[in-house]
Amino acid sequence: MTKDLVENKKILTIAGSDILSGGGMQADLATFAANGLYGFCALTSIVTVNDNKFWVHPVAQDIFQEELNSLADVEFSAIKIGLLPNTKILQQTTKWLTTLSAKSAIPIVLDPVIVFKENADYSVSEMREFFISELFPLASVVTPNLKEAEILTGQPIKTKTEMEAAAKALYDFGAKNVVIKGGNRFDQSQAIDLVYDGKNFFELTNPLLKNNNNGAGCTFAASIASQLAKEKKVEEAVKEAKAFVYQAIQNANEYGVFQNKKINFQK
Ligand SMILES: Nc1ncnc2c1ncn2[C@@H]1O[C@H](COP(=O)(O)OP(=O)(O)OP(=O)(O)O)[C@@H](O)[C@H]1O
Ligand SMILES: Cc1ncc(CO)c(N)n1
């Protein structure tokens, strides 16, 4: 680290551990560090690899609750939510965040991890209702990928018009800002994400890289949360995050996007 912590600001990720460090809390904490923030993690699950498959092992509920209790007195400048492995952990998270949000307004970035690249089989679509009714209303920004946006809205997204309709539907679930990540799933030559704040749409576009992009979603959402912790407006935060994740994908290795090497620290 060559840069001092930014005013000793603290930021939390509620996320799983990705044993290969492409995504999950490993990517989140690396992104927080690249932003000069002091990162905390409440671990929801441990993801391991066996027979080329990813396995999600949820943390026991009582231990997860002890983690949350341990953090009751920490003043966070922003919170990021990643992999929630079951409805119980989702509800514990909601309850804790509701209490916290009642005390002071904290930016919350919700990455509704339902489909992730390394493990297409992992499906928590039964948690859809809980995401929508409990977590969306608490979120400052939600960042579903294209598949997650389809699952959450129940609508196919093949065109820009359908992407806009989905963003409106996700906004109507109560999130204050919606970013649908087209990534490498929407267009063959560009990584197009759509941002909607309830009034206006705008696009974030970069050339589509051929590199490994495992963990790009975690890195992107953690970067947005970091920018919000530094009191950036949502529009600026998502633009900075898009530039950051692009560098991370450019520097990817065989396991995933690469946060630390050759990457400029974020402002
Ligand atoms: N190949 C690529 N080239 C450039 N940008 C990309 C590429 N893939 C993803 N992105 C960008 O990275 C960010 C994350 O999007 P992505 O669709 O990969 O998320 P995700 O599926 O949730 O990721 P993960 O599950 O691996 O964490 C978005 O801003 C997206 O546009
Ligand atoms: C634990 C975990 N959460 C999310 C992702 C998605 O990047 C991942 N690879 N691992």
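Residues numbered from 1 in each chain as written. Chains lettered and ligands numbered in written order. Predicted model: local features only at pLDDT ≥ 70, side-chain atom pairs only at ≥ 80, totals over all residues. Heavy atoms only, no water.

**Structural notes on the overall build of the protein**
Move 1: Each helix and strand counted, the protein has 9 helices and 9 strands in total.
Move 2: Radius of gyration (C-alpha) of the protein: 17 Å, near the 18 Å computed for a compact globule of 267 residues.
Move 3: In terms of overall dimensions, the protein has a C-alpha envelope of 45 × 45 × 45 Å along the principal axes.
Move 4: In the protein, buried positions account for 54% of the 267 residues.
Move 5: Nonlocal contacts in the protein, meaning residues at least 24 apart in sequence, comprise 68% of its contacts between residues at least 6 apart.
Move 6: Positive and negative side-chain charges in the protein, numbering 27 and 30 respectively, have mean positions lying 4 Å apart. (Helix = DSSP H or I, 4+ residues; strand = E, 2+ residues; numbered from the N terminus. Rg over C-alpha atoms; globule rule 2.2 N^0.38 Å. Buried < 20%, exposed > 50% of the residue type's maximum accessible area, 1.4 Å probe, protein only. Contact = heavy atoms within 4.5 Å. Lys, Arg positive; Asp, Glu negative; His and termini not counted. Charge placed at Lys NZ, Arg CZ, Asp CG, Glu CD.)

**Side note on the pattern of salt bridges**
Move 1: Inspection of the entire model under this criterion finds 7 salt bridges.
Move 2: A salt bridge links D28 to K80, with the shortest nitrogen-to-oxygen separation between them at 2.8 Å. Here K80 lies in strand β4 (residues 78-81) and D28 lies in helix α1 (residues 24-34), a separation of 52 residues in the sequence.
Move 3: Overall, D28 belongs to the buried group, its relative accessible area being 0%.
Move 4: Judged by its relative accessible area of 0%, K80 is buried.
Move 5: A salt bridge links E235 to K239; its shortest N-O distance comes to 2.9 Å. Taken together, the residues span about one helical turn, with E235 and K239 both in helix α9 (residues 234-250) at a distance of 4 residues. (Salt bridge = Lys/Arg side-chain N within 4 Å of Asp/Glu carboxyl O.)

**Points about helix α4 (residues 128-135)**
Move 1: Buried residues of α4: F131, I132 and L135, and no others. Down the axis of α4, the buried side of the element spans an arc of 120 degrees, and every buried residue falls inside it. (Arc of directions from axis to C-beta.)

**Considerations on the packing of helix α3 (residues 87-103) against α4**
Move 1: As a packed pair, α3 and α4 sit with axes 11 Å apart at the nearest point and diverge in direction by 5 degrees. Regarding the angle of α3 to α4, the classification is roughly parallel. Side by side, α3 and α4 meet where T87, L90, Q91, T94 and L97 of the first sit next to F130, F131, E134 and L135 of the second.
Move 2: Tallied by class, residues from the contact of α3 with α4 come to 5 nonpolar, 3 polar and 1 charged. (Axes fitted to C-alpha atoms, helices over the stretch in contact; angles between N-to-C directions. Parallel < 35°, antiparallel > 145°, perpendicular 65-115°, else oblique. Nonpolar A, V, L, I, M, F, W, Y, C, P; charged D, E, K, R; others polar.)

**With respect to the side chain of K242**
Move 1: Along the chain, K242 falls in helix α9.
Move 2: Relative accessible area serves as the criterion here: at 7%, K242 is assigned to the buried category.
Move 3: Here the side chain of K242 touches D193 through a polar contact of 3.0 Å, side chain to side chain.
Move 4: Beyond its immediate chain neighbours, meaning those up to four positions away, K242 contacts A191, D193, L204, T205, N206 and F220. (Polar contact = N/O pair within 3.5 Å; in protein donor to acceptor, adjacent residues only side chain to side chain.)

**Things to note about a nonpolar patch on the surface**
Move 1: On the surface, I19, L20, V49 and Y255 cluster together to form a nonpolar patch covering roughly 330 Å² of accessible area.
Move 2: Looking at the element boundaries, Y255 is found in the segment after α9.
Move 3: Judged by relative accessible area, which is 42%, Y255 ranks as partly exposed. (Patch = residues over 30% accessible without salt bridge, like charges linked within 9 Å, V, L, I, M, F, W, Y side chains within 5 Å. Areas by Shrake-Rupley, 256 points an atom, 1.4 Å probe, with all protein chains shown as cover.)

**Digging into the pairing of strand β1 (residues 10-18)**
Move 1: Counting buried positions along β1 gives 8 out of 9 residues, so the element sits mostly inside the fold.
Move 2: In this sheet, strand β2 (residues 38-50) lies alongside β1 in parallel orientation, the contact comprising 9 bridges. Bridge pairing links A15 to L43 in β2.
Move 3: Two strands pair when backbone bridges link them, and β1 and β4 are joined in this way by 4 bridges, in the parallel orientation. In the strand pairing of β4, I11 is matched with A78. (Pairing = 2+ DSSP bridges.)

**Topic: unusual backbone geometry**
Move 1: One non-glycine residue with positive phi stands out, namely S21, at about 65 degrees.
Move 2: On the secondary structure map, S21 appears in the loop between β1 and α1.

**Observations concerning the nonpolar core**
Move 1: L12, I79, L84, W96, F131, L135 and I180 are the most contacted members of the largest nonpolar core, which has 45 residues in total.
Move 2: Element by element, the count of residues in this core is highest for α3, at 5 residues.
Move 3: Not counting the four nearest positions on each side in its chain, I180 is found in contact with P144, L146, A149, M163, A166, A167, L170, I192, D193 and L194. (Core = buried A, V, L, I, M, F, W, Y, C linked by side-chain atoms within 4.5 Å.)

**Comments concerning the layout of surface pockets**
Move 1: Taken as a whole, the second largest pocket holds about 150 Å³ of empty space.
Move 2: Lining the second largest pocket, in full, are Q65, A72, Q92, K95, W96, T99, L100 and K103.
Move 3: Sorting elements by how many residues they give to the lining of the second largest pocket places α3 first, with 6 residues.
Move 4: Residue composition of the lining of the second largest pocket, by class: 3 nonpolar, 3 polar and 2 charged. (1 Å grid on protein atoms, 1.4 Å probe; cavity = no way out; pocket = protein on both sides within 12 Å on 5 of 7 lines; lining within 4 Å. Points joined across faces, edges and corners; volume = space filled by probe spheres on them.)

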